[in-house]
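# Observations on the three-dimensional arrangement
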Amino acid sequence: MINYGNMMHADQFRSKVETYSPKSSPRGARSPVVSRQDSSGTLKTTISLGKNPSIVHSGPFYLMKEPPVVLGESELTGATNLMNYYGLEHSYSKFSGKKVKEQLSSFLPSLPGVIDGPGQSDNSSLRSIIEKPPIVGKELLPLTSVQLAGFRLHPGPLPEHYRYLNTAPARKHKNKHKKHKHKDGTTPQETSLMDTSLDTHEKKHKKQKRHEDDKERKKRKKEKKRKKQRHSPEHPGMPLQPTMF
Amino acid sequence: MGSPLENLETNLEMFIENVRQVRIIVSDFQPQGQQNVLNQKIQGIVTGLQEIDKLKNQVQDVHVPFEVFDYIDQGKNPQLYTKDCIEKALTKNEEVKGKIDSYRKFKTNMLLELQKTFPTELNMYRALRGDD
């Protein structure tokens, strides 16, 4: 099994075997002469079947590994419910129970402006702060009167192309049910803004119409009343005025 | 005095509000009297930045995962990241538990079968391992 070579004398072999006696070995009956990479391993063998079956020893074989020290109690593994272990059930039930609103604006409701769009589009992404860090380390000082003179502005409203920033963020409940309709490339934000503005315009229009209708009705009523009053004898105080037609 | 994070949040909100007011003033600027207000607001922005800068030392120990930035940059609620993380962890936990349970069953079955086929060797093995 083990080829010690012809060079090794019998005495040497004996003395070696004696020093590595199985009795003195802490591992019992295993041959201590064979050097092993792993103290707990034995020989790894490759067994090939077929016409010429052979067994080839190819390295350490971990059959007798040291038993782990009370597995399951000292070692934390995936066998335990880690959510319980770290006391995160509350967070789990918080997020799994109710549906978390997708938009960033629902997390930061007090933030003005449209914030639900991608940050790359208006160069406001947080990634860009990491990738291209801003100049820091300079002391922040209040502006002098000379520096403030640079902020002297022209009177009047802002030019048209800057005004889009002033648009208020669209209300979520208004565009919620219209989301699926927009598949023509326009972002839901834009369309929702357009929709809401159109909606309000239509509503206003309708309101105006109703208002006008009411006015006409009132006019007609008034005229009827006047006619009645003119013809009735109960209103003598009403001066008869010549009507101009 | 709240926690450092609360302080930072309040300061950031005040700063944003200040900028919003500047935007309103600037959007339809009336020079009569508004120049002074605008100047005050601009100085307010500088003061706000100073305050935020002072608070940075108090929040040095706060670590934010990079992935959260991606969520925010995409206009998504960062709480979705927490939700996704928890769900992923739970799935992985269940997966690993399944594997461990399977290996345990396999070990039990293997020992049973080995006991049937090689009773002497297995007894020796058990004795060596120290589990009786």
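Definitions and limits used
- The residue numbering used here restarts from 1 in each chain and proceeds along that chain's sequence as written.
- Just so you know, chain letters begin at A and ligand numbers begin at 1, following the order they were written in.
- Given that the model is predicted, a residue must reach a pLDDT of at least 70 before its local features are reported, and side-chain atom pairs must reach 80 or more before they are shown or counted; all residues, however, enter totals for whole chains, interfaces and linings.
- The basis for the side-chain values is all heavy atoms of the structure; hydrogens and waters are excluded.
- UniProt positions are given in the numbering used here, feature names are shortened, and annotations may be inferred rather than shown by experiment.
- Here a strand is any run of E in DSSP of at least two residues, a helix any run of H or I of at least four, and the numbering for each starts at the N terminus.
- Summary of the burial criterion: residues with accessible area below 20% of their type's maximum are buried, those above 50% are exposed, and those between are partly exposed, where the area comes from a 1.4 Å probe applied to protein chains only.
- Contact between two residues is taken to exist if any of their heavy atoms lie within 4.5 Å; hydrogens are not considered.
- Here the accessible surface of atoms and residues is derived via Shrake-Rupley with a 1.4 Å probe, and residues count as covered only by protein chains that are part of the display.
- Stacked, edge-to-face and tilted labels apply to pairs of Phe, Tyr and Trp rings (six-membered ring for Trp) whose centres lie within 6.5 Å, assigned for plane angles under 30 degrees, over 60, and everything in between, in that order.
- Lysine and arginine charges are scored as sitting over a ring when NZ or CZ, respectively, is within 6 Å of the ring centre and within 35 degrees of the ring normal.
- What counts as a salt bridge is simple: a side-chain nitrogen of Lys or Arg found within 4 Å of a carboxyl oxygen of Asp or Glu.
- One confidence number per residue, pLDDT, is output by the predictor and ranges from 0 to 100.

Under an unreviewed UniProt entry, the name given to chain B is Mediator of RNA polymerase II transcription subunit 10, and the organism recorded is Pseudolycoriella hygida. Per UniProt, chain B carries the Subcellular location (unreviewed entry) text "Nucleus". Among the UniProt annotations of chain B, the heading Subunit (unreviewed entry) holds the following wording: "Component of the Mediator complex."

An unreviewed UniProt entry annotates chain A as Mediator of RNA polymerase II transcription subunit 19 of Pseudolycoriella hygida. Chain A has a UniProt comment under Subunit (unreviewed entry) that states "Component of the Mediator complex." The record in UniProt for chain A states the following under Subcellular location (unreviewed entry): "Nucleus".

### Examining the overall build of chain A
When helices and strands are tallied, chain A shows 9 helices and 3 strands. From first element to last, N terminus to C terminus, chain A shows the α and β order α-β-β-α-α-α-α-α-β-α-α-α. Per-residue burial for chain A yields a buried fraction of 12% across its 245 residues. Put simply, 21% of the contacts in chain A that link residues at least 6 apart link residues at least 24 apart. With the model as given, the accessible surface of chain A reaches about 21,600 Å², and the carbon-plus-sulfur share is 57%.

### Examining the packing of aromatic side chains
Residue and element names in this part refer to chain B. Tallied over the full model, the rule gives 3 aromatic pairs over all chains. Plain terms: the ring middles of Phe66 and Phe69 are 6.4 Å apart, the flat faces sit at 75° to each other, and that makes the pair edge-to-face. Residue Phe66 and its partner Phe69 are located together in helix H3 (residues 66-73), separated by 3 residues, close to a single helical turn. On the basis of relative accessible area, Phe66 is assigned to the partly exposed category, the value being 47%. With centroids separated by 5.6 Å and ring planes inclined at 75°, the aromatic side chains of Tyr71 and Tyr81 adopt a geometry described as edge-to-face. Separated by 10 residues along the polypeptide, Tyr71 in helix H3 and Tyr81 in helix H4 (residues 79-117) bring together distant segments of the chain. Tyr81 carries the same exposure label as Tyr71, and that label is buried. The ring of Tyr71 carries Lys76 above its face, with NZ or CZ at 5.2 Å from the centroid.

### Details of the pattern of salt bridges
Residues and elements named next belong to chain B. Evaluated as defined, the whole model comprises 7 salt bridges over all chains. Measuring nitrogen to oxygen at the nearest pair gives 3.5 Å for the salt bridge that ties Glu51 to Lys54. In this pair, Glu51 and Lys54 are both assigned in helix H2 (residues 31-55), 3 residues apart and thus about one turn of the helix distant. Asp53 is the salt-bridge partner of Lys56, the closest N and O atoms lying 3.4 Å from each other.

### Quick look at the confidence of the model for chain B
Residue and element names in this part refer to chain B. Here chain B averages 91 in pLDDT, while 98% of its residues score no lower than 70. Within chain B, strand E1 (residues 28-29) has the poorest average pLDDT of any element, 86, and H4 the best, 94. Among the scores for the predicted complex, ipTM is 0.76 and pTM is 0.55.

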